[in-house]
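Take a look at the letters that make up each chain.
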Amino acid sequence: MDRALVEEILRGKTHRYAVLVDRHKDKAMTLAVRMLQERREAEEAVQDAFVRAYRNLDRFRGDAAFSTWLYRILYNTCVSRLRVRRNQAHWIEWDENSAAVQATQDSSLDDDIEQGRMQEVLEAEVRRLAPAMQSALTLFFVQECTYEEIAAILEIPMGTVKTLLFRGKRLLRQRLEGKMTEEGRTL
Amino acid sequence: MSGSVRHPEEEVLEEYASLRTSRPDIEEHLRNCPECRSTVRALQSVGKALRALPREYPGKHLTEAVLRRAGIDPGSPKLDAMLAILAGTFCLLFLSAMVLGVFLLTGVVSLDDVHAGPAVVEQQWLAGWAAFSGWVGARLDRLAQLLPSATHGRAAVAACLVVAALLLVDVVLGRRIVRGRHES
């Protein structure tokens, strides 16, 4: 379905790109928010990715799904933004305000646990994972991508995808079990 | 994992829990191993919770922003509106043809009237409306005899009317949606 649409766009019906954007924007946004953890920046990244995808549409070979190709562009866009952010973080490392923000985040996590909102705790725990692990988990469980698709998006071998998913889930399980044990509940 | 029983690797259990495909060897082991069963259950709980994580939605103007930034003309609203009107006209013509067909079949309007022009058809149409109503009533009565109850006949007619009404609503709404998309 997407492939036919891409061909139409390449033949000159450029306005049809709106259909492709509408079709994939929600899932793309979910991936971007998971990676960047900031809605406004995530939306900018999604826009960037769609614009880059459009400008390189003639390079889309169609041997993989359009969504796989788009997510790869989006993943790279988010990674670039994270790199920039990391470089900026280096300069504000000694800023007292940034330490205060970190402390606030930690205390809000504790509050969530006290209220027993495990879903929110899980979200918080997912945020603490490495970007590649977060992306692999989001792509697998939220976007319902296959191992092959995730490997193509993250440009890593399929074995690494399996390891990322396994380690990510194990980490989350251990952390959630730890939190729940504190609450006297079982997973 | 302890004892002399050979447990599957946790990675294998994780894959089983994630993919939810049939693995008779693992299922056989799980039947007899509460330890691995509990591991799989915990892994499935994490997977279920991950699947249930809230989706994120972009602002409603994202598509327009992408098109603008990519320098794409969002298409001609006039063309869309014209297509919507064309579709609506076609539907109305189709419905009119169906009604005329019924009138021709029932003899309310003859082919000569049709050839004589629209004014004659209209005259005959209005004159024949009462007859048509009577005809519908008679058919309903006949249907009532054929069907287990008159309710079925009325239901069939009502269903036809509902379909026609839905068709019209669809055309009207379709036009409004197209217009709304371009206005937004």
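The rules behind each value
Residues numbered from 1 in each chain as written. Chains lettered and ligands numbered in written order. Predicted model: local features only at pLDDT ≥ 70, side-chain atom pairs only at ≥ 80, totals over all residues. Heavy atoms only, no water. Helix = DSSP H or I, 4+ residues; strand = E, 2+ residues; numbered from the N terminus. Buried < 20%, exposed > 50% of the residue type's maximum accessible area, 1.4 Å probe, protein only. Contact = heavy atoms within 4.5 Å. Areas by Shrake-Rupley, 256 points an atom, 1.4 Å probe, with all protein chains shown as cover. Polar contact = N/O pair within 3.5 Å; in protein donor to acceptor, adjacent residues only side chain to side chain. Expected span 1.5 Å × (residues − 1). Salt bridge = Lys/Arg side-chain N within 4 Å of Asp/Glu carboxyl O. Buried area = accessible area lost by both parts, 1.4 Å probe. Patch = residues over 30% accessible without salt bridge, like charges linked within 9 Å, V, L, I, M, F, W, Y side chains within 5 Å. Phe/Tyr/Trp six-rings, centres within 6.5 Å; stacked < 30°, edge-to-face > 60°. Axes fitted to C-alpha atoms, helices over the stretch in contact; angles between N-to-C directions. Parallel < 35°, antiparallel > 145°, perpendicular 65-115°, else oblique. Left-handed = near helix turned anticlockwise from the far one by under 90°. Nonpolar A, V, L, I, M, F, W, Y, C, P; charged D, E, K, R; others polar.

Participant: What am I meant to see in the overall build of chain B here?
Facilitator: When helices and strands are tallied, chain B shows eight helices and zero strands. Along chain B, from the amino end to the carboxyl end, the secondary structure elements read α-α-α-α-α-α-α-α. Residue burial in chain B is summarised as follows: out of 184 residues, 24% are buried. When contacts within chain B are restricted to residue pairs at least 6 apart in sequence, long-range pairs at least 24 apart make up 52% of them. Summed over its atoms, the accessible surface of chain B is roughly 12,500 Å², and 63% of this surface lies on carbon and sulfur atoms.

Participant: Explain the side chain of Asp48(A) to me, please; I cannot follow it from the model alone.
Facilitator: Within the fold, Asp48(A) resides in helix H3 (residues 39-55). Within the structure, the side chain of Asp48(A) is placed 2.8 Å from the side chain of Arg81(A), a separation counted as a polar contact. A polar atom in the side chain of Asp48(A) sits 2.6 Å from the side chain of Arg69(B). Setting aside residues no more than four positions away along its own chain, Asp48(A) makes contact with Thr77(A), Arg81(A) and Arg69(B).

Participant: Honestly, helix H3 (residues 34-51) of chain B in this entry has me stumped. Any pointers?
Facilitator: Owing to its 3.6 residues per turn, the α-helix brings residues three or four apart onto one side. In a regular helix each residue adds 1.5 Å, so 18 residues correspond to 26 Å; H3(B) covers 25 Å between its end C-alpha atoms and thus fits that length. Listed in full, the buried residues belonging to H3(B) are Cys36(B), Thr39(B), Val40(B), Ala42(B), Leu43(B), Val46(B), Gly47(B), Ala49(B) and Leu50(B).

Participant: Explanation requested: the pattern of salt bridges in the structure shown.
Facilitator: Within this structure, the stated rule accounts for 16 salt bridges over all chains. Close ionic contact of Glu125(A) with Arg128(A) constitutes a salt bridge, the shortest N to O distance being 3.0 Å. Here Glu125(A) and its partner Arg128(A) are both found in helix H6 (residues 118-128), three residues apart, which amounts to about one turn of the helix. On the basis of relative accessibility, which here comes to 0%, the residue Glu125(A) falls in the buried class. Classification of Arg128(A) by relative accessible area gives partly exposed; the value is 48%. For Asp25(B), the salt bridge identified is with Arg23(B), shortest N-O distance 3.2 Å.

Participant: Got a minute to help me understand the interface of chain B and chain A in this structure?
Facilitator: Many structure descriptions define interface size as the accessible area lost when the parts assemble. Contacts between the two partners involve 35 residues from chain B, matched on the other side by 41 residues from chain A. Summed over both partners, the interface of chain B with chain A comes to about 3,600 Å²; 63% of that surface belongs to carbon and sulfur atoms. The three residues of chain B that bury the most area against chain A are Leu50(B), Glu56(B) and Arg69(B), which together make up 18% of that side's buried surface. Counting every contact that joins chain B to chain A gives four salt bridges. A salt bridge links Arg69(B) to Asp48(A); the nearest nitrogen and oxygen atoms lie 2.6 Å apart. At the junction of chain B with chain A, the criterion picks out 13 residue pairs in polar contact (both at pLDDT 80 or more).

Participant: So what exactly am I meant to see when it comes to a nonpolar patch on the surface here?
Facilitator: Together, Phe90(B), Phe94(B) and Met98(B) give the surface a local cluster of nonpolar side chains, amounting to about 350 Å² of exposed area. Among the structural elements, Phe94(B) can be located in helix H5 (residues 77-106).

Participant: What is the right way to read the packing of aromatic side chains from this model?
Facilitator: For any pair of aromatic rings, the description consists of the separation of the ring centres together with the inter-plane angle of the planes. Residues and elements named next belong to chain A. Within this structure, the stated rule accounts for six aromatic pairs over all chains. Ring centres of Phe 60 and Phe 66 lie 5.7 Å apart, and the angle between their planes is 85 degrees; this geometry places the pair in the edge-to-face category. With relative accessibility at 10%, the residue Phe 60 sits in the buried group. Given the relative accessible area of 2%, Phe 66 is considered buried. For the pair Phe 140 and Tyr 147, a centre-to-centre distance of 5.5 Å together with 20 degrees between the ring planes defines the contact as stacked. Tyr 147 shares its class with Phe 140; the two are buried.

Participant: Which parts of the structure should I look at to understand the packing of helix H7 (residues 131-142) of chain A against helix H8 (residues 147-154) of chain A?
Facilitator: Two quantities define a packed helix pair, namely the angle between the axes and the distance from one axis to the other. All names here are of chain A. Relative to each other, H7 and H8 sit at 140 degrees, their axes nearing to 10 Å. For the element pair H7 / H8, the angle class is oblique. Of the two possible hands of crossing, H7 and H8 adopt the one that is right-handed. Touching Ala 132, Ser 135, Ala 136, Leu 139 and Phe 140 of H7 are Tyr 147, Ile 150, Ile 153 and Leu 154, all from H8. The residue inventory of the contact of H7 with H8, partitioned by class, reads eight nonpolar, one polar and no charged.

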